[in-house]
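Summary of the model geometry
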Amino acid sequence: MSRRRKLSAKKKLALLVSAAAVAGGGAFALAATSNAASVQNAQTSTVCKGLATALGNNQKFIDGQRANPDAQSAARIANREAVIAQIKVQQQASGCTVGESAQDSQAQGSTQPAQSAPAASAPAQSAPANNGGAGAATGQQVCAGSTVTLSGEGGAPAASSNQFPAGTKLKVTNLDNNKSTTVTVTSVSGSCVLLNNAAFEQVREPGKFLIRKARIEKVG
């Protein structure tokens, strides 16, 4: 003859508490996972937006050169196409839509600087006096191996970056001519650092629109 065992009130309470704890732990794990995913998605969205903006800036620069070509336009276009190819690689690595292009308020002014770039050669002569040359105060070296080109944007010397927030000061040295400039990051791009026209003129070599051997330092 079988007998049913009756659980005591204490055992029933213990089982209920254990079940609640397991359920609560699962809910906490789900919430933590959801929060982490949200943060990751937000970061990815920011990176993708910056890459798309940088690609759009470079495309608009190329369009401006093709619309108003001069003796240096072919070299500028070739360099910008190389930059776009690099941005597309970064888009793929970051999980973004490859080839996605966007242009923000800063990109709208990029065509005119591209057209006037050949006439902006004078500032390069005064660059050592403005930035103190390569021997000026140094900081933490970053983005080793990165190349540096210009964003096509006008205004006072400045930079854009996909790694450093606005307000960060970066020192860029062209190791081929030992010229350097220290600039403040003002916007987002698809590279470690893109120099605007004025900043690039301070460190460029005549006729070149890409710094292949650069030292980038975070200063200040």
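Structure report, in brief. (Residues numbered from 1 in each chain as written. Predicted model: local features only at pLDDT ≥ 70, side-chain atom pairs only at ≥ 80, totals over all residues. Heavy atoms only, no water.)

Here's the deal with the overall build of the chain
A count of helical and extended segments in the chain gives five helices and eight strands. Secondary structure elements in the chain, listed N-terminal to C-terminal, are α-α-α-α-β-β-β-β-β-β-α-β-β. Counting every position in the chain, which comprises 220 residues, the buried fraction comes to 37%. Sequence separation of 24 or more characterises 78% of the internal contacts of the chain that already satisfy a separation of 6 or more. Summed over all atoms, the accessible surface of the chain reaches about 12,300 Å², with 56% contributed by carbon and sulfur. (Helix = DSSP H or I, 4+ residues; strand = E, 2+ residues; numbered from the N terminus. Buried < 20%, exposed > 50% of the residue type's maximum accessible area, 1.4 Å probe, protein only. Contact = heavy atoms within 4.5 Å. Areas by Shrake-Rupley, 256 points an atom, 1.4 Å probe, with all protein chains shown as cover.)

What about the environment of K88?
Here K88 lies in helix α2 (residues 73-93). Judged by relative accessible area, K88 falls into the partly exposed class, the value being 34%. Taking the C-alpha atoms as reference, K88 lies 9.1 Å from A52; in sequence the two are 36 residues apart. Among residues more than four places away in sequence, those in contact with K88 are L55, V98 and G99.

Digging into the nonpolar core
V148, F164, V193, L195 and I216 are the most contacted members of the largest nonpolar core, which totals 20 residues. Listing elements by their share of this core, those giving two or more residues are β4 (169-174), β5 (179-188), α5 (197-203) and β8 (214-219). Considering every element that reaches this core, the biggest residue donor is α5, with three residues. (Core = buried A, V, L, I, M, F, W, Y, C linked by side-chain atoms within 4.5 Å.)

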